[in-house]
Amino acid sequence: MVSRISPTIARFALFLLWSTPSSAFDASILASHFSGCPDTASGNCQGARLINPDLAGADLSSANFADANMAGANMAGADLSGSNFFNTNLSYANMSGLQNNAYFYKSTLFRANLSDANGIVISASNASQSTIINSIIYEASCDSDTCTDFSGATITDSQFSYNPSRGANFSGADLTNTILGDLSCDGNRCTNLSGANLTNAWIGNCSGANFFRANLSGAHISDFGGDCSEANFYLANLSNAHLNSGNFYGSNFDGTTLSGAELGDMKNSTFRYADFSG
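The model shown is predicted, which means the values in this text are computed figures rather than measured ones.

### Some details on the overall build of the protein chain
Step number 1: Secondary structure assignment for the protein chain yields 2 helices and 13 strands.
Step number 2: Looking at the 278 residues of the protein chain, the share that counts as buried comes to 50%.
Step number 3: Long-range contacts, defined here as pairs at least 24 residues apart, represent 16% of the contacts in the protein chain between residues at least 6 apart.

The following block contains the structure:
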């Protein structure tokens, strides 16, 4: 019997092949900054513990940091392209200004700083309360049992591109001026944006998404004819928002603030106690 490779692992393998740089890790840096690396010469620091947190600007490309504890690391401007951060603890790490591309799968990025990063993948990871400003996020997808957690994060002036962020948890996050793309459900797991600040954000599809008490003032929602059917906007602030191009069939706008909003296809939507004044 031939076993099937999961889509997430397949994407990870393709990403590593695509992003592997011409240079490689610096073995001397691994030896001096980590304890418990099985083989620094081959770049294997699986399960290791960071003992010297200053890795700013270091070449850590193509190294294996799976299951490692790198909490509090300073990797500002480091080259992490092609490296393996599967199940790595990067809580409170500073990874601002990352060069090339970095892939985080099932990683812990709690309160990590990923600002000014150009091309990162955060898949099935915990990035709650992280700071991601002026960055490009290629993907924030789910795997078979986990979706990425951005709850309470600050993700402003950034862009989710290429692949969707369907099913992610953005509850309480600040997403001001961010391009979010596809926020539709991932199977039966729907994107949670309850209480989020989406002022002037750009949203593509958002079918089934939860915007309970979210601030969407000035946001562009479902532009270019996208699908936001059966989304929940209960008690959300949609003042001056742009909803005139998409499909909002069967969505819940009960108790929302819609002053100055531009509305599109609202068939079978509900507007009980909605405020259109102003």
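### Side note on the state of the cysteines
Step number 1: As enumerated under the stated definition, the model contains 4 disulfides in all.
Step number 2: Each disulfide pairs two cysteine sulfurs, and for Cys142 the partner residue is Cys147, the sulfurs being separated by 2.0 Å. Its S-S torsion of approximately 100° makes the covalent link between Cys142 and Cys147 right-handed. The two residues Cys142 and Cys147 agree in class, both being buried.

### Section: the packing of aromatic side chains
Step number 1: Evaluation of the coordinates by the stated rule reveals 15 aromatic pairs.
Step number 2: Considering the side-chain rings of Phe150 and Phe160, the 6.0 Å spacing of their centres and the 85° angle between planes classify their relative orientation as edge-to-face. With Phe150 in the loop between β6 (136–139) and β7 (154–156) and Phe160 in strand β8 (residues 159–160), the pair connects residues that are 10 residues apart, well separated along the chain. Take Phe150 and Phe160: they sit in the same class, and that class is buried.
Step number 3: With centroids separated by 5.8 Å and ring planes inclined at 85°, the aromatic side chains of Phe160 and Phe170 adopt a geometry described as edge-to-face. Taken together, the residues Phe160 in strand β8 and Phe170 in the loop between β8 and β9 (179–181) connect sequence positions 10 residues apart.
Step number 4: A relative accessible area of 5% places Phe160 in the buried class.
Step number 5: Take Phe170: its relative accessible area is 0%, and that puts it in the buried class.

### Things to note about the pattern of salt bridges
Step number 1: For the coordinates displayed, the defined rule picks out 6 salt bridges.
Step number 2: Its salt-bridge partner being Lys106, residue Asp143 comes within 2.8 Å of it at the nearest N-O pair. Taken together, the residues span a long stretch of sequence, with Asp143 in the loop between β6 and β7 and Lys106 in the loop between β3 (102–105) and β4 (118–123) at a distance of 37 residues.
Step number 3: Residue classification places Lys106 among the partly exposed residues on the basis of a relative accessible area of 23%.
Step number 4: Here Asp254 ties to Arg272 by a salt bridge, and the two come within 2.9 Å at their closest N and O atoms. With a gap of 18 residues between them, Asp254 in the loop between β12 (242–247) and β13 (262–265) and Arg272 in the segment after β13 connect regions that are remote in the sequence.
Step number 5: What you see here is one network of salt bridges that share partners, running through Lys106, Asp143 and Asp145.

### A look at the confidence of the model for the protein chain
Step number 1: Overall, the prediction assigns the protein chain a mean pLDDT of 89, with 90% of residues at 70 or greater.
Step number 2: At the level of individual helices and strands, the protein chain shows its lowest average pLDDT in helix α1 (residues 7–19), which scores 45, and its highest in β7, which scores 98.
Step number 3: Ignoring residues within four places in sequence, the model shows residues 1–23, a span with pLDDT below 50, making 30 contacts including any to other chains.

### Quick word on unusual backbone geometry
Step number 1: Of note in the backbone geometry, Asn177 takes a positive phi value of approximately 60° without being a glycine.
Step number 2: Residue classification places Asn177 among the partly exposed positions, given a relative accessible area of 34%.

### A closer look at the nonpolar core
Step number 1: Core analysis: the biggest nonpolar cluster contains 71 residues, and Phe104 and Phe211 have the highest contact counts within it.
Step number 2: Breaking this core down by element, the ones donating at least two residues are α2 (27–33), β3 and β4.
Step number 3: In this structure, Phe104 is in contact with Leu80, Phe85, Leu90, Met95, Leu98, Leu109, Leu114, Ile120, Val121, Ile122, Ser123 and Ser125, ignoring residues within four places of it in sequence.
Step number 4: Grouped together as the second largest cluster of nonpolar side chains are 5 residues, Tyr103, Val121, Ala124 and Tyr138 included.

### Focus on the environment of Ala261
Step number 1: Looking at where Ala261 falls in the secondary structure, it is placed in the loop between β12 and β13.
Step number 2: Measuring from C-alpha to C-alpha, the distance between Ala261 and Phe276 comes to 8.2 Å, with 15 residues separating the pair along the chain.
Step number 3: Filtering out sequence-adjacent residues up to four positions away, Ala261 remains in contact with Leu238, Asn240, Ala241 and Leu243.

### Side note on the pairing of β3
Step number 1: Residues Ala102 and Phe104 point to one face of β3 and Tyr103 and Tyr105 to the other, with burial holding for every one of them.
Step number 2: Here β3 runs beside β4; their pairing, made up of 4 bridges, is parallel. Bridging from a neighbouring strand, Tyr103 pairs with Val121 of β4.

### With respect to the environment of Gly43
Step number 1: Here Gly43 is to be found in the loop between β1 (34–35) and β2 (49–50).
Step number 2: Taking C-alpha positions, Gly43 is 10.0 Å from Ser28, a pair spaced 15 residues apart along the chain.
Step number 3: Residue contacts for Gly43: discarding those within four places in its chain leaves Phe25, Leu30, Ala63 and Asn64.

Cut-offs and rules
Residues numbered from 1 in each chain as written. Predicted model: local features only at pLDDT ≥ 70, side-chain atom pairs only at ≥ 80, totals over all residues. Heavy atoms only, no water. Helix = DSSP H or I, 4+ residues; strand = E, 2+ residues; numbered from the N terminus. Buried < 20%, exposed > 50% of the residue type's maximum accessible area, 1.4 Å probe, protein only. Contact = heavy atoms within 4.5 Å. Disulfide = S-S within 2.5 Å. Phe/Tyr/Trp six-rings, centres within 6.5 Å; stacked < 30°, edge-to-face > 60°. Salt bridge = Lys/Arg side-chain N within 4 Å of Asp/Glu carboxyl O. pLDDT = per-residue confidence, 0-100. Core = buried A, V, L, I, M, F, W, Y, C linked by side-chain atoms within 4.5 Å. Pairing = 2+ DSSP bridges.

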